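A look at the structure
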Amino acid sequence: MADTARDPPPAHTDFQELEDGEDLFLEPAVIQESGPASLPAEDISANSNGPKQDSLFDDDPEDLFAEATEEVSLDSPEREVLLSDGPSPAITPITPPTSVITPRIGLAHDDMFTHSSFDEIEEEEGGDSFDMHISVSDPEKVGDGMNAYMAYKVTTKTSMSLFKTDEFSVKRRFSDFLGLHSKLASKYLHIGYIVPPAPEKSIVGMTKVKVGKEDQSSNEFVEKRRSALERYLMRTVKHPILLKDPDVLQFLESSELPRAVSTQALSSAGLLRMVNKAADAVNKMTIKMNESDAWFEEKQQHFENLDVQLRKLHASVESLVCHRKELSVNTAQFAKSAAMLGNSEDHTALSRALSQLAEVEEKIDQLHQDQANADFYLFSELLGDYVRLITAVKGVFDHRMKTWQKWQDSQLLLQKKREAEAKLQFTNKPDKLQQAKDEIKEEIEELEGKVQQGERDFEQISKTIRKEVSRFEKERVKDFKMIIIKYLESLVQTQQQLIKYWDAFLPEAKAIS
Amino acid sequence: MRSVSVDLNHDASLLIDIPDALCERDKVKFTVHTKTTLSSFQKPEFSVPRQHEDFIWLHDTLVETEDYAGLIIPPAPPKPDFESPREKMHKLGEGEATMTKDEYTKMKQELEAEYLAVFKKTVQVHEVFLQRLSSHPTLSKDRNFQIFLEYDQDLSVRRKNAKEMFGGFFKNMVKSADEVLISGIKEVDDFFEQEKTFLLDYYSKIKDSTAKAEKMTRAHKNIADDYIHVSATLNSLSADDSTANKNRYLSSSVSLQKVEGRVASDQELKLTELLRYYMRDIQAAKDLLYRRARALADYENSNKALDKARLKSKDIPQAEEHQQHCLQKFDKLSESGKKELTSFKGRRVVAFRKNLIEMAELEIKHAKVSSTLQPTCVRLFVYS
């Protein structure tokens, strides 16, 4: 009795599931098209929880998974690609449902999950190519004392249809940027999107500015921050998904923005964040994931290595910047000293030559300073950005692990309930039996839903991560190449200036008689 | 190699050089090679091994020779100082674990180049000292100088014993007190008045410039070291990375590093060494002024003593003789001093000229090398 009741009438339930499945897989495509509010994860779960109660499955775990994956594959035959290493051996896609869906997803039928085809989809749906430039400028101190803050002008120039006008600007403060990042992170990180990290806070730096010290170091600090904010925004909007996020659009367009208080380091939200971070770190250590996909293992290793190397490089470049600044200072000092020596020299021609030497060295000192700035802004800051980005990437991998863990936990629970159900078969209290059986049936259905959801989530996040990583690597190579070219060009300029200066000095030296 | 002094070692009657040297732990053994046509020497060509301390002994005996009071005694060569590269080598050894093999090798190479540079410098400075002596009409005939060049046994027996060393130390202390004497004394001769003012002022300026130039050179070296680390890290990155970009940057940054290192060592040689050498030379010139001032003080004292003697009508002949003696000494010092100081100025101007020209030319050369190398790398990148 129980058995038969459990056998799902295939056609009927499948179609039901199909409907959900249809929505399931339509949503992501839809979102890519129109942008606003709805998030894949939320919608999927909303849809799938519904009619699941009707479907009952065998208590054989293997078959369970077979059914589950079957369900999934109903909607997108391409799924087989991802699930090939998974638990289920026999996947038999049922043709009628598939045909309903293919028009939508079949846009790039066979290689849906490769990078380029996603680009195609996005471009077709988006309509215009990426043409946007954001600049952060005009830092202005607003207010006085400890409540003072810097307001930056954020100007967007674009021809994309996403926006109402071609060019517009708003005033934003640092905590606004942090607020934006915080919102994006909470929406997208856990489903596998690499959200660019915001520039770091600096209590020391900001305090100096607040206090009103108008000196070299606080000016440098403001410039460093301005540049970092600009890079942050550009990176964020270059991401096709994030660009269409309403929070991002609001940030760029609306003149008034609600104050993001939870970004303050010492607020309760800040403390909560810290606690969560610590908890995460502990959890990460305890999760032992059976990595069935070699791609992920390889990529994780790759990012670990990259992390180590970039940090090392960053440290070396910072040292380079420091030493070059030192060289600049020393050269300036030497120039002054040489000038005094020239004054003291009684042989006229030599005296003049020494004064000329002093002038040359002074110019060279300025050159060194400019070069140090180039070293820093081009090279060092880029490396710093990427060190933080890689932390975000690693975080995304960690979320995948957590998603897997959730899925596994639901499965375990389901198994336990099934066992409990089986035990119920053998109790001798028939009157209570039915009630208990019904209860457990409900629980099992719920858990089955959760398990399916968990698996879908896991697959979704894996898919997203593959795409994201591919995009990230492309961007990284592009970024580095561009920066290195700029940096080399700055070096060339410096050398050419040096030639000019020394060429001018040479006749003076030769004129000594 | 002879960068700080010019017009030395041209007189074929006495040619000296240091063709090689050995570095054993801290001690450097110089091979002093002499070629001469002078009959005062036993052989026309010969070589002897000498240590740094032998040079110092020679210098000090010359300084203490009364007859040379009116001469600028060439400054003693400074002690070979391998402290800096040795310290760096030590640090490198400690940090070996944190570096890649490639990085470590490069750092080691850089360090070895530094050792070599220090070594070359010290040989040069000892060589110049001897050549200054050999080209001086009076000093080249000094007996001790000849012994130094010829004596084929170990000179340590003749070197300062502890007592003499202490005496030397004491002498230095007295000398600095007498600096006040030089500035305080009433000068009758315009030439010397000018020289005194000039030398005192110039010395403090050149000392300052030397220190600043040293700092500049050190900063350049640090940058060269940084580039080693940068290029090594890029190398390991490109090993992991599928793109070949980093390899190209690597080659360009390595070249940069080599150029920076070269700039640093050339700057050191031409500029810093020049300033250092003349700082010491000016000290030697000041010493001459001091000795002359002493002689003047002695002369004035002898005058006073003569007056006293005449007053007391006692020991007049001795006092007269003493006064004459002091006058003679003073006159002799003044005469030779004038000659020395004039030729010193000429020598200094020529040396500055030569070194400043060479430094400018080297800077241009290095900048040109860099500025052609880098665009090539940029092109490689753009088309990769």
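None of the values given here were measured: they were computed from a predicted structure.

Definitions and cut-offs
Residues numbered from 1 in each chain as written. Chains lettered and ligands numbered in written order. Predicted model: local features only at pLDDT ≥ 70, side-chain atom pairs only at ≥ 80, totals over all residues. Heavy atoms only, no water. Helix = DSSP H or I, 4+ residues; strand = E, 2+ residues; numbered from the N terminus. Buried < 20%, exposed > 50% of the residue type's maximum accessible area, 1.4 Å probe, protein only. Contact = heavy atoms within 4.5 Å. Areas by Shrake-Rupley, 256 points an atom, 1.4 Å probe, with all protein chains shown as cover. Phe/Tyr/Trp six-rings, centres within 6.5 Å; stacked < 30°, edge-to-face > 60°. Lys NZ or Arg CZ within 6 Å of the ring centre and 35° of its normal. Pairing = 2+ DSSP bridges. Axes fitted to C-alpha atoms, helices over the stretch in contact; angles between N-to-C directions. pLDDT = per-residue confidence, 0-100. Polar contact = N/O pair within 3.5 Å; in protein donor to acceptor, adjacent residues only side chain to side chain. Buried area = accessible area lost by both parts, 1.4 Å probe. Salt bridge = Lys/Arg side-chain N within 4 Å of Asp/Glu carboxyl O.

**Here's the deal with the overall build of chain A**
Helix and strand counts for chain A come out as 16 helices and 3 strands. Out of the 513 residues in chain A, the part that is buried amounts to 50%. A separation of at least 24 residues holds for 75% of the contacts in chain A among residues at least 6 apart in sequence. Counting every atom, chain A has about 24900 Å² of accessible surface; 55% of that belongs to carbon and sulfur.

**Overview of the packing of aromatic side chains**
For the coordinates displayed, the defined rule picks out 24 aromatic pairs over all chains. Each ring, one from F41 of chain B and one from F46 of chain B, has its centre 5.9 Å from the other, and the planes form 35 degrees; the classification is tilted. In this structure F41 of chain B comes out as buried when scored by relative accessible area, which is 7%. With a relative accessible area of 8%, F46 of chain B lands in the buried category. Relative to F330 of chain B, the ring of Y299 of chain B lies with its centre 6.5 Å away and its plane at 0 degrees, an arrangement referred to as stacked. Highlighted residues: Y299 of chain B in helix α7 (residues 245-312) and F330 of chain B in helix α8 (residues 316-382), separated in sequence by 31 residues. The class of Y299 of chain B is buried, set by a relative accessible area of 18%. Feature note: the residues W295, F296, F303, Y386, F397, F472 and F480 of chain A constitute an aromatic cluster, connected by ring pairs. Sitting over the ring of F174 of chain A, R225 of chain A keeps its end group 3.5 Å from the ring centre. R292 of chain B extends its terminal NZ or CZ atom over the ring of F192 of chain B, reaching a point 3.6 Å from the ring centre.

**Description of the sheet that holds strand β1 (residues 14-24) of chain B**
Adjacent strands of a sheet form backbone hydrogen bonds with each other and so pair up, either parallel or antiparallel. Residue and element names in this part refer to chain B. Read across the open sheet, the 3 strands follow the order β1-β2-β3; overall the sheet is antiparallel. Edge positions in the sheet fall to β1 and β3 (45-51), since each of these pairs with one other strand and no more. Here the strands of the sheet are splayed against their neighbours by 20 degrees on average, with no regard to which way each runs. Here 7 bridges tie strand β2 (residues 27-36) to β3, and the two strands are oriented antiparallel to one another. Bridging across to β3, H33 finds its partner in S47.

**Let's talk about the sheet that holds strand β2 (residues 149-158) of chain A**
Residue and element names in this part refer to chain A. The strand order across the open sheet built from 3 strands is β1-β2-β3, with neighbouring strands paired in antiparallel fashion. This sheet does not close on itself; its edge strands, each paired only once, are β1 (132-142) and β3 (167-173). Looking at each pair of strands side by side, their axes are set apart by 20 degrees on average, direction ignored. One ladder, built from 7 bridges, connects β2 with β3; its direction is antiparallel. Bridging across to β3, K153 finds its partner in K171. Packing of helix α10 (residues 216-238) onto the sheet brings it into contact with β1 and β2, and relative to β1 it is tilted by some 150 degrees.

**So, unusual backbone geometry**
Phi at D138 of chain A is positive, roughly 45 degrees, even though this residue is not glycine. For D138 of chain A, the position within the fold is in strand β1.

**Section: the confidence of the model for chain A**
Confidence along chain A averages 73 in pLDDT terms, with 70% of residues attaining 70 or more. Within the model, the stretch residues 1-128 of chain A combines pLDDT values under 50 with 145 contacts to residues more than four positions away or in other chains.

**Some details on helix α4 (residues 143-150) of chain B**
All names here are of chain B. With respect to burial, α4 is a largely interior element, 7 of its 8 residues being buried. What α4 keeps buried is the set N144, F145, Q146, I147, F148, L149 and E150. Close packing links the buried residues of α4 with β1, β2, β3, α1 (52-64) and α3 (101-134). Residue D142 occupies the N-cap position of α4, its side-chain oxygen lying 3.0 Å from the main-chain nitrogen of N144.

**Topic: the interface of chain B and chain A**
Counting residues at the interface gives 61 residues for chain B, matched by 56 residues for chain A. Carbon and sulfur atoms make up 69% of the surface buried where chain B meets chain A, a total of about 5200 Å² over both sides. Among the salt bridges present, the one from D346 of chain A reaches K345 of chain B, with a minimum N-O distance of 2.5 Å. Applying the counting criterion to the chain B and chain A interface returns 16 residue pairs in polar contact (both at pLDDT 80 or more). At 24 residues, the largest contribution of residues to the side of chain B that touches chain A is made by helix α6 (residues 190-240) of chain B.

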